[in-house]
Amino acid sequence: MPDLHVRPYSIAELNNLSETKVDANTPIRLYFRSAKSVLQQARVYMNEGDFQEAYRLYMKYTKLGLSELRKHPKFSLTENKVDIKAIEKNCNEALNAMELMKPKLEARYKDYIHRLEKEKERLRKIKEEEGRQSKLRKLAYVEEKTQVDEEPTNKPWSLQDELQGVVGVGSQTEAAYRQSLDNSSHVYYPGVLQRNQSDQFTYQANTGDVLIKSPPIPRKEPLVPSNVPLNLPPIPPKVHLDASPGPSLPPKIELEVSKDISNDVGDFSDATTENGEPLRRVNTPSKIMERFLEIASTNTNRNLETCGILCGHLKSNELTVTTLLIPKQTSTSDTCTTENEEEVFEYQDRHDLLTLGWIHTHPTQSCFMSSVDLHTHCSYQLMLPEAIAIVCAPKHKPNYGIFRLTDPPGLDVITRCREPRAFHPHPDVPIYTDALDLGHVRMSPLSFNVVDLR
């Protein structure tokens, strides 16, 4: 099931998402129960104002009731006439509801496409403006750099010339030395010489002795002439990711359902099927295993299995287990079969309860899904993708597990399995998986009802 709360879908897309197929080898009674579950969920979404999901489920119901079920080989049996008549009647409700919702869904999708196009146009203009500003900055930089390169240079630069006339620097001492050469035929050699590494002159500290000039060192041409003003172009400012002076990031398009179309809905769990389809969260009472083991203790002590049905409600896109229903049943040490299912269905219909899964014991065995368990659970998961199976193994550790069939490959493997024996091997592929750890089941301190029909 796709996540229909991410964005609006067109009517054509919703029609495609509502496709359903009937397998001739699957008991038709499972499709009757599945159709009823789909109709219940559609009504809930309709009442909550989530018209998109309601439309998809109503469409799924009509395709199942008016088209696909007719392909089942058991469709025309007399025993199924009551169920078929009820489905055909409910299809009228579904078609009427779809007619009411269709204009709103079309308007919502059209508005979404319009906003999407406007946002694309805004982003395009921002990108164009950023490109234009970038070109202008590059042109300004090249122009200023060219002006600097074209300034004329009349005379080579030297440090000696720049220091000319500065008191205490070698140029004055050198002048005195030259004067002494003109006025005296004697040369005095100082006892202590100081060599200046910056201008290559040798000095004598605090004496009147004559400076002796070191042999001249060839000058190096300066990198920057002294008479050229250092008018370099400014360095472009650093780009700060958190406070850029450029255009601000565009706001995200709000894709939530408009308030006049849908109320707030709960989130999907983070879990998905192996095919990537999101799974709604199943809120499960944390004490339900403990209470079920108390009810099953008599059978457990006699080495007999016990089973129960997990029932609940759909609200704000979340499923919540509210009732533990114990049906009439026959048991052995490794099997448990429900009886008088009509009584169970009647109770669920009277209290508007959805079937969310089942729970059973392994009195002596460890916590796992046997081949019989896999086939039993397949019928639940065909009705509801989020349906869970709780296995309680009171004499082993771990003493319970919460599972679902993988999809794919598990659901396909079990649906197509035609092995007549109760216990039999299946292909060596991951057929079932944990639904609790990192799955779609959340244990919570919820209250729940216990109904024992035995």
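Rules behind the numbers
- Residues numbered from 1 in each chain as written.
- Predicted model: local features only at pLDDT ≥ 70, side-chain atom pairs only at ≥ 80, totals over all residues.
- Heavy atoms only, no water.
- Helix = DSSP H or I, 4+ residues; strand = E, 2+ residues; numbered from the N terminus.
- Buried < 20%, exposed > 50% of the residue type's maximum accessible area, 1.4 Å probe, protein only.
- Contact = heavy atoms within 4.5 Å.
- Areas by Shrake-Rupley, 256 points an atom, 1.4 Å probe, with all protein chains shown as cover.
- Salt bridge = Lys/Arg side-chain N within 4 Å of Asp/Glu carboxyl O.
- Expected span 1.5 Å × (residues − 1).
- Polar contact = N/O pair within 3.5 Å; in protein donor to acceptor, adjacent residues only side chain to side chain.
- Pairing = 2+ DSSP bridges.
- Axes fitted to C-alpha atoms, helices over the stretch in contact; angles between N-to-C directions.
- Parallel < 35°, antiparallel > 145°, perpendicular 65-115°, else oblique.
- Left-handed = near helix turned anticlockwise from the far one by under 90°.
- Nonpolar A, V, L, I, M, F, W, Y, C, P; charged D, E, K, R; others polar.
- UniProt positions renumbered as here; feature names shortened; annotations may be inferred.
- Phe/Tyr/Trp six-rings, centres within 6.5 Å; stacked < 30°, edge-to-face > 60°.
- Lys NZ or Arg CZ within 6 Å of the ring centre and 35° of its normal.

- The protein chain has the name MPN domain-containing protein in an unreviewed UniProt entry, where Umbelopsis ramanniana AG is given as its organism.

1. Thoughts on the overall build of the protein chain
Then, in step 1: Of the regular secondary structure elements, the protein chain holds ten helices and 13 strands.
Then, in step 2: Within the span of the protein chain, comprising 454 residues, buried residues form 40% of the whole.
Then, in step 3: Long-range contacts, defined as pairs at least 24 residues apart, comprise 72% of the intrachain contacts of the protein chain with a sequence gap of at least 6.
Then, in step 4: When the accessible surface of the protein chain is summed, it comes to about 26900 Å², and 53% of that surface belongs to carbon and sulfur atoms.

2. Considerations on the pattern of salt bridges
Then, in step 1: All chains considered together, the criterion is met by 25 salt bridges.
Then, in step 2: Between Arg124 and Glu121 there is a salt bridge, with its nearest N and O atoms 2.4 Å apart. Of the two residues, Arg124 and Glu121 both sit in helix α4 (residues 81–149), three residues apart, roughly one turn of that helix.
Then, in step 3: In this structure, the salt-bridge partner of Arg291 is Glu294, at a minimum N-O distance of 3.4 Å.

3. What about helix α9 (residues 371–383)?
Then, in step 1: Its 13 residues give α9 an end-to-end C-alpha distance of 19 Å, which sits within 8% of 18 Å, the value for a rise of 1.5 Å per residue.
Then, in step 2: All of the buried residues in α9 are Ser371, Asp373, Leu374, His377, Cys378, Ser379, Tyr380, Gln381 and Met383.

4. Quick look at the side chain of Thr415
Then, in step 1: For Thr415, the position within the fold is in helix α10 (residues 410–416).
Then, in step 2: According to the relative accessible area criterion, Thr415 is buried, its value standing at 15%.
Then, in step 3: In this structure the side chain of Thr415 is engaged in a polar contact, spanning 2.6 Å, whose partner is the backbone oxygen of Leu411.
Then, in step 4: Residue contacts for Thr415: discarding those within four places in its chain leaves Asp23, Thr26, Cys378 and Leu382.

5. Quick word on the pairing of strand β5 (residues 318–326)
The side chains of a regular strand alternate, first on one face of the sheet and then on the other.
Then, in step 1: Burial analysis of β5 places eight of its nine residues in the buried class, the great majority of the element.
Then, in step 2: Bridge count for strand β3 (residues 282–285) against β5 is two bridges, and the pairing is parallel. Residue pairing across strands places Asn283 opposite Thr320, the latter belonging to β5.
Then, in step 3: By the bridge criterion, seven bridges tie strand β4 (residues 307–315) to β5 in an arrangement that is antiparallel. Across the sheet, residue Leu314 finds its bridge partner in β5, namely Leu319.
Then, in step 4: The loop that links β4 with its antiparallel partner β5 comprises two residues; one of these, Ser316, has a positive phi angle of about 50 degrees.

6. Re helix α3 (residues 51–66)
Since the α-helix turns once every 3.6 residues, residues separated by three or four places project in the same direction.
Then, in step 1: Relative to the 22 Å expected for 16 residues at 1.5 Å per residue, α3 spans 22 Å between its end C-alpha atoms, a close match to the ideal helical length.
Then, in step 2: Of all the 16 residues making up α3, 14 are buried; the element is thus mostly covered by neighbouring parts of the structure.

7. Quick look at the packing of helix α2 (residues 28–48) against α3
Then, in step 1: For the pair α2 and α3, interaxial distance at closest approach is 8 Å and the crossing angle is 155 degrees. The orientation of α2 relative to α3 falls into the category roughly antiparallel. Along this stretch, α2 crosses α3, giving a crossing that reads as left-handed. On α3, the residues touching Tyr31, Ala35, Lys36, Val38, Leu39, Gln41, Ala42, Arg43, Tyr45 and Met46 of α2 are Phe51, Glu53, Ala54, Leu57, Tyr58, Lys60, Tyr61 and Leu64.
Then, in step 2: Taken together, the residues that form the contact of α2 with α3 break down as 13 nonpolar, one polar and four charged.

8. So, the UniProt feature "coiled-coil region" (unreviewed entry) in the protein chain
Then, in step 1: Look at the UniProt record and you will see "coiled-coil region" (unreviewed entry) annotated at residues 102–133.
Then, in step 2: Overall, residues 102–133 shows 100% helix and 0% strand. The separation of its end C-alpha atoms is 47 Å.

9. Thoughts on the packing of aromatic side chains
Then, in step 1: Tallying each qualifying case throughout the model produces three aromatic pairs.
Then, in step 2: Ring geometry for Tyr109 versus Tyr112: centroids 6.3 Å apart, planes at 35 degrees, classification tilted. Note that Tyr109 and Tyr112 are positioned in helix α4 at a spacing of three residues, about one turn of the helix.
Then, in step 3: With a relative accessible area of 24%, Tyr109 lands in the partly exposed category.
Then, in step 4: A relative accessible area of 8% places Tyr112 in the buried class.
Then, in step 5: Where Phe403 meets Tyr432, the ring centres are 5.2 Å apart and the plane angle is 80 degrees; that geometry is what we call edge-to-face. With Phe403 in strand β10 (residues 400–405) and Tyr432 in strand β11 (residues 432–434), the pair connects residues that are 29 residues apart, well separated along the chain.
Then, in step 6: Lying across the ring of Tyr9, Arg7 places its NZ or CZ 4.4 Å from the centre.
Then, in step 7: We note Arg33 situated over the ring of Phe345; from NZ or CZ to the ring centre the distance is 3.7 Å.

10. Quick look at the environment of Glu343
Then, in step 1: Looking at where Glu343 falls in the secondary structure, it is placed in helix α8 (residues 341–350).
Then, in step 2: What makes Glu343 partly exposed here is its relative accessible area of 26%.
Then, in step 3: For the pair Glu343 and Pro327, spaced 16 residues apart in the sequence, the C-alpha separation amounts to 8.2 Å.
Then, in step 4: Those residues in contact with Glu343 that sit more than four places away from it in its chain are Lys328 and Leu453.
Then, in step 5: Side-chain polar atoms of Glu343 contact the side chain of Asn340, separated by 3.1 Å.

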